[in-house]
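# Structural characterization, general
Chain by chain, the residues run as shown.
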Amino acid sequence: MPIRRRDFLKISLGGSTLLALSSPLGESLSQSAEPPAPQRHDRDTVLVLLQLSGGNDGLNTVVPFEDDLYHRSRPTLRLAAQRLHKLDAQLGFHPDAPAFGRLYHEGQLSVLQGVGYPDSDRNHDGAMRDWHTARPGLALCPTGWVGGAIDHVYDAADRDLPAVFVGSTPTPFNLQTEKAVVPAIRSLSDWGLAQSTADARPLPSRKRPARSAAAALPSQTHPLLALAQHITRRAWASAARLEAVVAEGRRANPVEYPPFGLAGTLQTVAQLIRANLGIRIFAAEFGGGGIGGFDTHANQAANHGALLRQLSESIVAFVADLRRDRLLDRVLLVTFSEFGRTVAENGRRGTDHGAAAPLFLVGGKLKGGLIGSHPSLSDLDGGGLKFQTDFRRVYATLLDHWLGFDSLAILGERFEPVDFLESI
Amino acid sequence: MSWEPLADPAWAWAPFEPSAAQPWDLRQAGHLYRRAAFGATRAQLDQALAAGPQRAIDALLEPAADVAAFNRSADTYEAAAASGASTHELRAWWLRRMIETPHPLLERMTLFWHGHFALSNARVRSAQLMADHVQLLRRHALGSFREMFEGVLADPAVYLGLGAQANRRARPNLPFARTLLEQFTLGAGQFTDQDIQAVARAFTGWFVFQQDLRYLEREHDSGPNRLLGRAGDWDARQVAQALLQQPATARRLVRQLYRWLIAEEDPPADAFLEPLAVELARDYQIGRVVETMLRSNAFFSPLAYRQRVKSPVEFAIGLVRSLGATVGTTQLGAALADLGQDLYQPPTVAGWAGHRYWLNRFTVLGRVQLAHTLLATSKGPNGPWDAALAVGPQDRPTAAVPQLLADLFLEGDLAEASQQALLAGAMSAGADAAQRQPDGLIECAARLVATPEYQLS
């Protein structure tokens, strides 16, 4: 009896080559293949953690245009009030981020002002390490805070891996685990489907040929084999779901994403969310890899504007994509950067390493609006803005109230939640 | 896994004698080569079957080939790659050594010790120091743990890797001391906070300057100090000796070796391992304990059979070696890092957690992809690798090759129904794809190594 190849797909998982895959499951396994439904004991909320590498200039992202000190501190970089996309009578988004203005007024974007931490590090590596570990100053902390969350909730037999990195840069340290292996998913966009999924029928049942069962490894008495079978089954069910999502995306009117790398990354995240694989945390990165990133020491204006345009337009497309499938209420995107920048511009039409900066929260279940007040431009922390909200309070809120994980176990301390979710 | 005869440790660690119930067959030969090497070619399995288990083990412990000459030439390549801060080139050369070495047990044990000391280039940031470190582990991998441990304590890379490059009198390094006790020797629960303090104090005075380890007398905090209940004026050397005198150290090493060579599932009771721990504690000769384990009834019992999860390195190197092929190792090193095993860069001081943590939905798919790449790009001695040649006599019909591949990879461990379903589809799918038979065979091979059974060692 001819056995049809179940599916034939290409996937880029942790490698640059795209390859045809086929199900490795024997008859007995593929017959019982189960779809990876969301697991009952989990919520189905999703966190997208977007790292802005290099130190985003928060002051030119959310501009206090009524403050004279702003204009005096930035003779060449200051942004004129009439070009800004106003949040209220004092603050406006950068001229190249009109998309943020729209999202803000629709209540799907919140600005969390003045986020940082005490004695913040002014070096990229040290500061980023602090944000990644959530253990400021503990240089030897071996794992990241998301990695800690993964190790805390992951159990190979019972719960799927809860987090992935999406992108082609090296996986950031916040995903560093002690135990679990966290994948880096580069792209799902170039799947060559030789056969449509409609062709993949369940295999016809048939009698097992008589044979000495002794030769085969019996999974009933071999728990490790039973586990490997279980995970393999779920792997192939996941691949089939992804394949279906990609195929579906081609048929339906897809939401147009702008031609930016970040947009492609967020589109992949949206596909993975749609496939409903039980992934709770997606980490992504923007601006890393040196020149052109957020580390705007010289000639900042054009560079920063381009980054904010890419950032805001990519996020808007992502929101539209999720909203179309009524998924936005399950999703919360949070940006972070290792530090903000100095209030005063330097002599090279740029800004230097600062301290606190705003975080952006995007999703369907936000209170909306501005959270906290704008930090003072006169009472500074080494030339940068003073923080009002410790970033670990944000992490704790995300863990406890959004994801339903235990922040105390993961962060090692209890932090007061920040009130930005619709129903805490 | 409980198996009645194993209740008696004396019997469990006695040399294995094949019997009607536990015959010496293809499965057992494959098992031996998975654990004492990185898999075997069909020809090696046939030789082992003819030789019998104990002589097959002799050959794995003391290969006939000139191992020293091979390693000298491998060292030369490695030395050329050992510059700069990145270990990517070094990683490729280690993988090549694993593929080509005539003494695979030595490389497998070197990998074991790399996981034990778990030094990461993420902190050391020097290919030269990491190369020297692994060279130290290789030198003693089957020799004396005492010498290896003393070497480790004289290795600047270890201090850099543990953030202990400046052990000042005023700032004894507690995390460094804890790692020495918890990971390198005694194990968790076998020491007190006071012991951590004492060890940290004993190591004050040691600094790394320009990649060299130096001792500054004026930074050493001498004076009475209590370690493991004994008072003394401890220095680093005395601490090392005291730690090796503790039975807990030998017990922990034997337990780790058991996990590596016998089973990750079902950790055994202390009493079961005690004879080996006593044996190791006598003189810390690692090779003898490894030999006892490999030759034992326990090793050839259901307690051990496919009771480990192959690490990514074991998966890939095992596949390549079983085909008698070779592959480019630069890309392979990166692919293995993606699957969770970045050589020279274990995740934490605890090494790779391994076992069930190797497998999740994404790594399973990643392994399939890697297998495809390896099969499609592997080379034999005379050009592209040929599945048909890898499985034995050249006068057998082509139609028999899939079955021969299944025997080579899985030794009858796959249920026949599953195997038929896999192979039937593979041949036609490969033929559809390119109308060329080799693609069908590659597809067969890829499906076989993607099975859950193949992920187990």
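The following paragraphs examine the structure supplied in this document. All figures in this text were calculated on a predicted structure; none of them were measured in a lab.

The periodicity of an α-helix, 3.6 residues per turn, causes residues three or four places apart in sequence to face the same way. Residue and element names in this part refer to chain A. Buried residues of helix H3 (residues 98-105): Ala99, Phe100, Leu103 and Tyr104, and no others. All buried residues of H3 lie within an arc of 135° about the axis, which places them on one face of the element. Two residues or fewer after H3 comes Gly107, characterised by a positive phi angle close to 80°.

A separate point is the sheet that holds strand E6 (residues 91-93) of chain A. Residues and elements named next belong to chain A. The three strands are arranged E4-E6-E5 in an open sheet whose pairing can be described as antiparallel. Since the sheet does not close on itself, it has two edges, and those belong to strand E4 (62-64) and strand E5 (85-86), each with one partner. Bridge analysis of E5 against E6 gives two bridges, and the strand direction is antiparallel. Paired with His85 across the bridge in E6 is Phe93.

Glancing now at unusual backbone geometry. In terms of backbone geometry, most residues other than glycine have negative phi values and most peptide bonds are trans. All names here are of chain A. Of note, the phi angle at Ala134 is positive, near 60°, even though the residue is not glycine. Assignment of secondary structure puts Ala134 in the loop between helix H4 (124-133) and helix H5 (145-153). Judged by the 27 C-beta atoms lying within 10 Å of it, Ala134 falls in the buried class. Positive phi values are uncommon outside glycine, yet Arg326 reaches one of about 55°. You can see Arg326 is positioned in the loop between helix H8 (300-324) and strand E11 (331-337). The exposure class assigned to Arg326 is exposed, which follows from the 9 C-beta atoms found within 10 Å.

Before going further, it helps to examine the nonpolar core. In this structure, Phe282(A) and Val199(B) are the most contacted members of the largest nonpolar core, which totals 264 residues. Both of domain 1 (105-245) and domain 2 (312-455) of chain B provide at least three residues apiece to this core. Not counting the four nearest positions on each side in its chain, Phe282(A) is found in contact with Val46(A), Val48(A), Leu49(A), Val164(A), Val166(A), Val269(A) and Leu272(A).

Another point: the packing of helix H7 (residues 261-274) of chain A against H8(A). Residues and elements named next belong to chain A. Following both chains from N to C, one finds H7 and H8 inclined at 20°, their axes separated by 9 Å at the closest point. With respect to H8, the element H7 is oriented roughly parallel. In this structure, the crossing between H7 and H8 has a hand that is right-handed. On H8, the residues touching Leu262, Ala263, Leu266, Gln267 and Ala270 of H7 are Gln310, Leu311, Ser314, Ala317, Phe318, Asp321 and Leu322.

Let us look at the packing of helix H5 (residues 67-81) of chain B against helix H6 (residues 88-100) of chain B. Residue and element names in this part refer to chain B. With their axes 9 Å apart at the nearest point, H5 and H6 run at an angle of 165° to one another. When the axis of H5 is compared with that of H6, the two are roughly antiparallel. The two elements H5 and H6 cross, and the hand of that crossing is right-handed. In this structure, H5 contributes Ala74, Tyr77, Glu78 and Ala81 to the contact, and H6 contributes Glu89, Leu90, Trp93 and Arg97. Across the contact of H5 with H6, the residue classes break down as five nonpolar, no polar and three charged.

Cut-offs and rules
Residues numbered from 1 in each chain as written. Chains lettered and ligands numbered in written order. Predicted model: local features only at pLDDT ≥ 70, side-chain atom pairs only at ≥ 80, totals over all residues. Buried ≥ 20, exposed ≤ 12 C-beta atoms within 10 Å, placed from the backbone. Helix = DSSP H or I, 4+ residues; strand = E, 2+ residues; numbered from the N terminus. Arc of directions from axis to C-beta. Pairing = 2+ DSSP bridges. Core = buried A, V, L, I, M, F, W, Y, C linked by C-beta atoms within 7 Å. Domains from an automatic or database assignment. Contact = placed C-beta atoms within 7 Å. Axes fitted to C-alpha atoms, helices over the stretch in contact; angles between N-to-C directions. Parallel < 35°, antiparallel > 145°, perpendicular 65-115°, else oblique. Left-handed = near helix turned anticlockwise from the far one by under 90°. Nonpolar A, V, L, I, M, F, W, Y, C, P; charged D, E, K, R; others polar.

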